[in-house]
Amino acid sequence: MKSSLFVTIATAISFLATVSAQADSPFLWSDSQKVISPYAKSGKMEQIGTTGVAAMHAVLLNEKTILIIDKAEWNEAQFDSGQSAFSVQYDLEKQSYRPLPLETNTFCSAGGFLKNGSFISTGGGEKRGRNWKAEPGWQSIRHFTPCTDNSCWWNEYKTGKMTENRWYPTVEQLPEGDLFIIGGSTKGTAVNRAEVNVPSYEFWPPRPEGEVPFKFLNETMPYNLYPFVFVLPDGNLFIFANKKSIIYDYNNQKIVKRLPDIPGVPRSYPLTGGAILLPLDPKNNYNPEILICGGSERMKNNARADDTCGRINLGDKNPKWEMDTFVHKRLMPDGLIMADGNLLWVNGCQRGWAGYNGRNHDPTFDPLIYTPTAPLDKRWTQNLASTDIARMYHSVALTLPDGRIWIAGSNNVDPPDPNAEYPTEFRIEYFSPPYLFKHATRPRVSHVPRVVTYDQSFKVLLNLEGLADKDAASKIRVGLLRPGFSTHSMHMSQRYVFLNHKVSEDLQSIEITAPPRPSIFPPGAGFLYVLYDGVPSIASEIFVESQVSDLAI
């Protein structure tokens, strides 16, 4: 009898332990599991793995790997020679990194993808001496062709490939499949100055017009490094620096419209805020809206960070900024588009300005979710799982194919110091948003083509894993995400487009229509999510091209 009782109790304990473990994970729910996860409202923050190098810049290369770039300085990751690496390829499955040799200094550079799938890194900083052995990167262009088998390496054009030195430039991927490179300074500086300002833009690969003068970057001095740039659905560019913004026709080199100044503080480096092009939706004819949040009042170590956001509807005849709270004072925030099309804000601090050695203080540990489609006073979700790791100057974040958020970096001391008050940070965190705990299962998708052309219809197979009900088809949406190049609160070329689709009557397949034209989603890779009741599938990488032959990887 005692033996039987012991077995019964042991079985019950084992069952409860299994339920608890599954409830804590966004990926291990069984079909029969009915327990509501404690993370269904807050999400979950976990620390897993290290980056090897300080994550000043980061970009998602494919479904499995991230390219991480620092500047030439001491890092934990080292080569057999004892030389510190300042770039690694990070494997998301193995939670490990592979050091990548670089010969030019990538300090405060920019990046984006060409239509053929190659990643391009542009610009950088000064020569580094005997310890780090890096040549000047001011005019460098670096190619990296993504891979998953450790066969890819940097290919560098060390100098003379750009027309100007560019430190703190911005890159935006264009509908033509090349890159728009704008602004920066000719050398390192705490804030831009007339003698080092680069008020121009150019393209990679180079276009016949070469370097094009751009007076807007004179008008917005001194807060105009890393200007915000977004391709709009009409093919023009939204360009923002300091408090000013314009709509610009880069093919005809003319300003289409000057927009009103955003109220409040400057929002550009080193009084750094963050900016996002809100998800584009065929339901409103891809109407573009921009959200800009945070910043700082002045270049003082105890300056107060800003706690406002401005949102502007560029589809209006006379666009105006609609102001909103940012909930917390926040400087140097990272704003991301999540798998479900809502926004997540992480990282940053409450006092100071962007820069090294005592310029930024009081980290903000609390993520915020912003719902673009909600009414003005109901857009923010608080009380999410927080961190205890300071992520301030030189922090990054990326949305992953599995729907989690990858968060890394923070290095506001020079030289690097893992023991400083706000240390050089190598730890990685993963934020699992509440949508990963909303249901016991998530949609599954298969047979996603590798490449499609604009406006092409294609079919994928769907498995709703017991989620479906009588209104299932109306609860399905399809989204295409480009996470962008993350650095200095910038997410260059970040973009999310909802796609037209038709669900089969048996709920076993979806016919999806690719974006209608390159100005909606410039050519290259994206990550395709199928959402059911806001819960995303694991995304599949898919390339959208003008011609299938444009893809070269």
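These numbers come from a predicted model, not from an experiment.

Colleague: When you look at the overall build of the protein in this model, what are you seeing that I'm missing?
Modeller: Tallying secondary structure elements over the protein gives two helices and 42 strands in all. The globule rule puts the C-alpha radius of gyration for 553 residues at 24 Å, and the 23 Å found for the protein is close to it. Based on the C-alpha atoms only, the size of the protein along its principal axes is roughly 85 × 50 × 50 Å. Residues classed as buried in the protein amount to 62% of the 553 residues present. Long-range pairs, those at least 24 residues apart, make up 61% of the contacts in the protein between residues at least 6 apart in sequence. Accessible surface for the protein amounts to roughly 21,100 Å². Of this, 49% is attributable to carbon and sulfur atoms. Computing the positive centroid from 55 side-chain charges and the negative centroid from 58, the protein places the two 3 Å apart.

Colleague: Quick question: what am I supposed to make of the domain arrangement of the protein here?
Modeller: It is common to give the size of an interface as the accessible area lost on bringing the parts into contact. Each assigned domain of the protein is listed with its residue range as follows: domain 1 (40–436) and domain 2 (441–545). Put simply, the middle of domain 1 and the middle of domain 2, counted by C-alpha atoms, are 24 Å apart. Taken together, the contact between domain 1 and domain 2 spans 68 residues of the former and 42 residues of the latter. Overall, the association of domain 1 and domain 2 removes approximately 4,100 Å² of surface from exposure, summing both partners, and the carbon and sulfur fraction of that is 58%.

Colleague: Can you walk me through the sheet that holds strand E19 (residues 289–293) in this structure?
Modeller: Two modes of strand pairing occur in sheets, parallel and antiparallel, and in both the strands are linked by backbone hydrogen bonds. The strand order E18-E19-E20-E21 describes an open sheet built from four strands, whose pairing is antiparallel. The sheet is open, and its two borders are formed by strand E18 (274–277) and strand E21 (321–325), each paired with just one other strand. Each strand of the sheet is rotated relative to its neighbour by a mean of 20 degrees, with strand direction disregarded. Bridge count between strand E20 (residues 308–313) and E21: five bridges; the pairing is antiparallel. Bridging across to E21, Ile312 finds its partner in Trp321.

Colleague: What am I meant to see in the packing of aromatic side chains here?
Modeller: Describing an aromatic ring pair means giving the distance of the ring centres and the angle of the ring planes. By the definition in use, this model includes 29 aromatic pairs. Measuring from centroid to centroid gives 5.8 Å for Tyr201 and Phe203, while their planes differ by 90 degrees, and the two rings are edge-to-face. Ring centres of Phe326 and Trp345 lie 5.2 Å apart, and the angle between their planes is 80 degrees; on these two criteria the pair is classed as edge-to-face. Residue Phe326 is found in the loop between E21 and strand E22 (334–337), and its partner Trp345 is found in strand E23 (residues 343–346); the two are separated by 19 residues along the sequence. Across this residue pair, the class does not change: Phe326 and Trp345 are buried. Through a chain of ring-to-ring contacts, three or more aromatic side chains come together here, namely Phe107, Trp167, Tyr168, Tyr226, Tyr269, Tyr356 and Tyr393. Here the guanidinium or amino end of Arg98 rests over the ring plane of Trp153, the centre of that ring lying 4.5 Å away. Over the ring of Phe498 we find Arg477; its NZ or CZ atom is 4.0 Å from the centre of that ring.

Conventions used here
- Residues numbered from 1 in each chain as written.
- Predicted model: local features only at pLDDT ≥ 70, side-chain atom pairs only at ≥ 80, totals over all residues.
- Heavy atoms only, no water.
- Helix = DSSP H or I, 4+ residues; strand = E, 2+ residues; numbered from the N terminus.
- Rg over C-alpha atoms; globule rule 2.2 N^0.38 Å.
- Buried < 20%, exposed > 50% of the residue type's maximum accessible area, 1.4 Å probe, protein only.
- Contact = heavy atoms within 4.5 Å.
- Areas by Shrake-Rupley, 256 points an atom, 1.4 Å probe, with all protein chains shown as cover.
- Lys, Arg positive; Asp, Glu negative; His and termini not counted.
- Charge placed at Lys NZ, Arg CZ, Asp CG, Glu CD.
- Domains from an automatic or database assignment.
- Buried area = accessible area lost by both parts, 1.4 Å probe.
- Pairing = 2+ DSSP bridges.
- Axes fitted to C-alpha atoms, helices over the stretch in contact; angles between N-to-C directions.
- Phe/Tyr/Trp six-rings, centres within 6.5 Å; stacked < 30°, edge-to-face > 60°.
- Lys NZ or Arg CZ within 6 Å of the ring centre and 35° of its normal.

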